[in-house]
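What follows is each chain in one-letter form.
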Amino acid sequence: MRVVIVGAGKLGYTIAEFLSNEQVEVVVVDKEESQLTAVKENLDVMTINKNGANPITLDDPDINGAEIFIAVTATDEVNMVACILAKKHGMKHTIARIRDMQFMGEAREYMKKNFDIDLMINPELIAAQEIYRILMTPAALNVDDFAGGKVRLFEAKIKKHSTLANVPLKNLKLPSGVLAGLILRDHRMIIPHGDDVLQVHDNAYFIGFPDAIEKFSTNFVQQNSRPLERVMIIGAGRIARALVKQLNESGVSVKVIEKDKMRCEQMAEILSDDSIAIFGDGANVDLLTEEGVASADAIVCLTEDDRLNLMLALLAKHLGAKKTVVRVYRTEYVDLIEKVGVDVVISARLLSASEVLAFVRRGGVTRVSILEGAKAEAVEVIVQRGTRAEGKKLMEVKLPKSCLVCAYVRKNTAYIPNGNTILLPGDRIILFCLRGSAKEVVSWFTNEQRFII
C-alpha cells in the first residue's frame, strides 16, 4: 500500500515515521526543500519537492497510484484543495488536517459530503478533548474510551503505601470488571503476567467497564480532595480556547493567563461569567501567586514553547499546584518532562497520528491509542472469520508475549477475558501491544496480510 503525505512539518513527519515503521510505502511531498531535510535524513521514505495542491504534481506516477492521500500542511484551504484534487485523480481515501474550529463544528457534515474528505483531524481539538477527559478524572494520568464507550482505559501512578503495590497480580484482588494491562517502569513498558507486581512509582494502565473504572479510580485520589472546580491555563491558543469551552460547560471556573493582548481579548469573549482572562506573563511568580496558583485544582501549560511549558509547570509545582498538565510539540521531550515531576504530558501530534493510524489500518482495526511517546499502543480490533484466533481459547492461541487481550465486546456487552475465553467473529477486542508489535498481533484476528483498506 502506498500513502502520500503532503506537508513535511512536525505532524507530517510523525505520521510518516509511524507508517514507514510498518513497512507502508510512504511518499512525502512539500514545496519547501528545507522542510524535507529531516525526512530525508531520518526516514526510509520517498520525498518529492513540489506543491502537493497542484494538479500537475498529482499526475506524478509516484503519487497518482496511492490508496491514501493525507494533507497536513499548516493551511486548511491548501489541505482541502489537495484532497479534492486527489479524489479527482482517482485516489480512494483522503485525510485533511483542519485547524479552523468552525469547519470541525457546524460545517463538518457539509465538508464531508461536498468535499468528500474521509477523515478530518484537528490536533488542537483532539488535544483539548484529551486534557478535558484527564482533568475530569482527578487521579488519572490518561483516560481513553474504546468500543463506543463500553470499555475505558485508565492510567495512574502507584503511590507509597498503596495496597496494590508489591502483590503478585495473580493474587491482587481487583474489582470485577477491571484488569491491570500495562506497566510503565523506568521508561520501559511491560506487559504484566501473573507473577509480576506493581511497584511504587510505576505508571499502571487499567482497563475495564467505565463504571467499574470510575469507582476503582477513587483508590488513587488523595484524601480530602474535591471535585474539579478551578483550573488555571497559561497560554490562550487554539487548544486553550477549545478546552475552556468544555470546562465552562461542566461548571469549572477557569483563569487564563496570556501575554499576547489580542489572544487574551479573544479568550475573554468566550469565557463564562465565573471565568477570567488575564493579560500577563505566566512566568511571573508574583502574578501566579496573586492569582491563586496554589489553590487551583490543576495548572495547564499550553504555550507554544515546550521548554517554557516545562518551566511553568515546575514553577507551579513549587508554588503549590496540585496537578500539572503540559502540552509538548517535540515528542522526544515526553520522557524528560515526566521524569522531572510533571503529572501529565500531552502531544497533539501523537494523538492525531493515532487517528491516522486507525484509518490506515482499517482492515478490522477501528481505534488506535498511542501510549507513552509510542512505547506501546492500545488497539481496538474486530475479529474476522477464518482467522488464527477465531473459535479458540485464548490460552491455546499462544499470542506473542508483546501483547495482551484486555477486553472484548460481544453483542453490545463488554467482558474481561481469561484464558478460557473463546473469541468469535464480530467480537470487538481491545489489545495492548508493545512498540513495533501491533502489525504482527493484529494479523491473528484479521484476514489482512498487511494493513490495507
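These numbers were taken from a predicted model, which means no experiment stands behind them.

Moving on to the packing of helix 1 (residues 10-21) against helix 15 (residues 348-360). Between two packed helices, what matters for the description is the angle formed by their axes and the separation of those axes. Taken N-terminus to C-terminus, the directions of helix 1 and helix 15 make an angle of 45 degrees; their axes are 9 Å apart at the nearest point. The angle between helix 1 and helix 15 places the two elements in the oblique class. Crossing handedness for the pair helix 1 and helix 15: right-handed. Contacts from Lys10, Leu11, Thr14, Ile15, Phe18 and Leu19 of helix 1 reach helix 15 at Arg349, Leu350, Ser352, Ala353, Val356, Leu357 and Val360.

This paragraph deals with the confidence of the model for the chain. When pLDDT is averaged along the chain, the result is 90, and 96% of the positions lie at 70 or above. Note that pLDDT drops below 50 for residues 449-453; the model gives that stretch 21 contacts with residues more than four away or on any other chain.

Here the focus is helix 5 (residues 76-88). Its 13 residues give helix 5 an end-to-end C-alpha distance of 19 Å, which sits within 8% of 18 Å, the value for a rise of 1.5 Å per residue. Buried residues of helix 5: Asp76, Asn79, Met80, Ala82, Cys83, Leu85, Ala86 and Lys87, and no others. Here the buried face of helix 5 lies against helix 3 (55-58), strand 4 (68-71), strand 5 (93-97), helix 6 (101-104) and helix 7 (108-115). Just beyond helix 5, the residue with positive phi is Gly90, at close to 95 degrees.

Our next topic: the sheet that holds strand 18 (residues 365-371). The five strands are arranged 18-19-22-20-21 in an open sheet whose pairing can be described as antiparallel. A strand with exactly one partner marks an edge of an open sheet, and here the two such strands are strand 18 and strand 21 (413-415). For this sheet the average axis-to-axis angle between neighbouring strands, irrespective of direction, equals 20 degrees. As paired elements, strand 19 (residues 376-382) and strand 22 (residues 428-434) share seven bridges and run antiparallel to each other.

Where burial is concerned, the two faces of strand 15 (residues 298-301) agree: the one with Ala298 and Val300 and the one with Ile299 and Cys301 are both buried. Two strands pair when backbone bridges link them, and strand 15 and strand 16 (residues 324-328) are joined in this way by three bridges, in the parallel orientation. Along strand 16, the bridge assignment pairs Val300 with Val325. Following the backbone out of strand 15, through helix 13 (residues 306-318) and into the adjacent parallel strand 16, one traces a crossover that is right-handed.

The next point concerns the sheet that holds strand 7 (residues 142-146). In a beta sheet, neighbouring strands are held together by backbone hydrogen bonds and run either parallel or antiparallel to one another. Taking strand neighbours across the sheet as the criterion, the five strands line up as 7-8-11-9-10 in an open arrangement whose pairing is antiparallel. What marks the edges here is a single partner per strand, and that holds for strand 7 and strand 10 (188-190). Here the strands of the sheet are splayed against their neighbours by 20 degrees on average, with no regard to which way each runs. In the sheet, strand 9 (residues 178-185) pairs with strand 11 (residues 203-208) via six bridges, with the strands oriented antiparallel. Residue Ala180 lies in a different strand from strand 11, and its bridge partner there is Phe206.

Another aspect to go through is the packing of aromatic side chains. Counted according to the given criterion, the structure contains six aromatic pairs. The interplanar angle of 70 degrees and the centroid separation of 4.8 Å between the aromatic rings of Phe206 and Phe216 together place this pair among those described as edge-to-face. With a gap of ten residues between them, Phe206 in strand 11 and Phe216 in helix 9 (residues 210-216) connect regions that are remote in the sequence. For Phe206, a relative accessible area of 0% puts it in the buried group. Phe216 gets classed as buried once you look at its relative accessible area, which sits at 3%.

This part covers a nonpolar patch on the surface. A contiguous nonpolar surface patch, about 230 Å² in accessible area, is contributed by Leu314, Leu336 and Val340. Here Leu336 is to be found in helix 14 (residues 334-339).

For the rest of this paragraph, the subject is the pattern of salt bridges. Working definition: two side chains of opposite charge can pair if their charged atoms are close together. Summed over the entire model, instances satisfying the criterion amount to 19 salt bridges. Here Lys87 and Asp116 are joined by a salt bridge, their closest N and O atoms 3.0 Å apart. Separated by 29 residues along the polypeptide, Lys87 in helix 5 and Asp116 in the loop between helix 7 and strand 6 (119-121) bring together distant segments of the chain. Assessed through its relative accessible area of 18%, Lys87 is described here as buried. Linking Glu291 and Lys255 is a salt bridge whose minimum nitrogen-to-oxygen distance equals 3.1 Å. Note that Glu291 is positioned in the loop between helix 12 (285-290) and strand 15 and Lys255 in strand 13 (residues 253-258), a separation of 36 residues in sequence. Within the structure, one salt-bridge network assembled from shared partners comprises Glu22, Arg361 and Glu377.

Bringing the nonpolar core into the picture now. Of all hydrophobic cores here, the largest spans 110 residues; its most connected members are Leu19, Phe69, Ile70, Ile233, Leu247 and Phe445. With residues near it in sequence (within four places) discarded, Ile70 still touches Val3, Val4, Ile5, Val6, Ile15, Leu19, Ile95 and Val356. The next biggest cluster of nonpolar side chains, apart from the first, holds 22 residues, and it includes Met232, Ala296, Leu312 and Ala316.

Moving on, we get to the side chain of Asn203. Locating Asn203 in the fold gives a position in strand 11. Polar contacts involving the side chain of Asn203 include one to the side chain of Glu155, which spans 3.0 Å. Within the structure, the side chain of Asn203 is placed 2.7 Å from the side chain of Lys157, a separation counted as a polar contact. Not counting residues up to four positions away in its chain, the partners in contact with Asn203 are Leu141, Glu155, Ala156, Lys157, Leu182, Ile183, Leu184 and Glu372.

Rules used throughout
- Residues numbered from 1 in each chain as written.
- Predicted model: local features only at pLDDT ≥ 70, side-chain atom pairs only at ≥ 80, totals over all residues.
- Heavy atoms only, no water.
- Axes fitted to C-alpha atoms, helices over the stretch in contact; angles between N-to-C directions.
- Helix = DSSP H or I, 4+ residues; strand = E, 2+ residues; numbered from the N terminus.
- Parallel < 35°, antiparallel > 145°, perpendicular 65-115°, else oblique.
- Left-handed = near helix turned anticlockwise from the far one by under 90°.
- Contact = heavy atoms within 4.5 Å.
- pLDDT = per-residue confidence, 0-100.
- Expected span 1.5 Å × (residues − 1).
- Buried < 20%, exposed > 50% of the residue type's maximum accessible area, 1.4 Å probe, protein only.
- Pairing = 2+ DSSP bridges.
- Right-handed = clockwise from strand over helix to strand, strands pointing away.
- Phe/Tyr/Trp six-rings, centres within 6.5 Å; stacked < 30°, edge-to-face > 60°.
- Patch = residues over 30% accessible without salt bridge, like charges linked within 9 Å, V, L, I, M, F, W, Y side chains within 5 Å.
- Areas by Shrake-Rupley, 256 points an atom, 1.4 Å probe, with all protein chains shown as cover.
- Salt bridge = Lys/Arg side-chain N within 4 Å of Asp/Glu carboxyl O.
- Core = buried A, V, L, I, M, F, W, Y, C linked by side-chain atoms within 4.5 Å.
- Polar contact = N/O pair within 3.5 Å; in protein donor to acceptor, adjacent residues only side chain to side chain.

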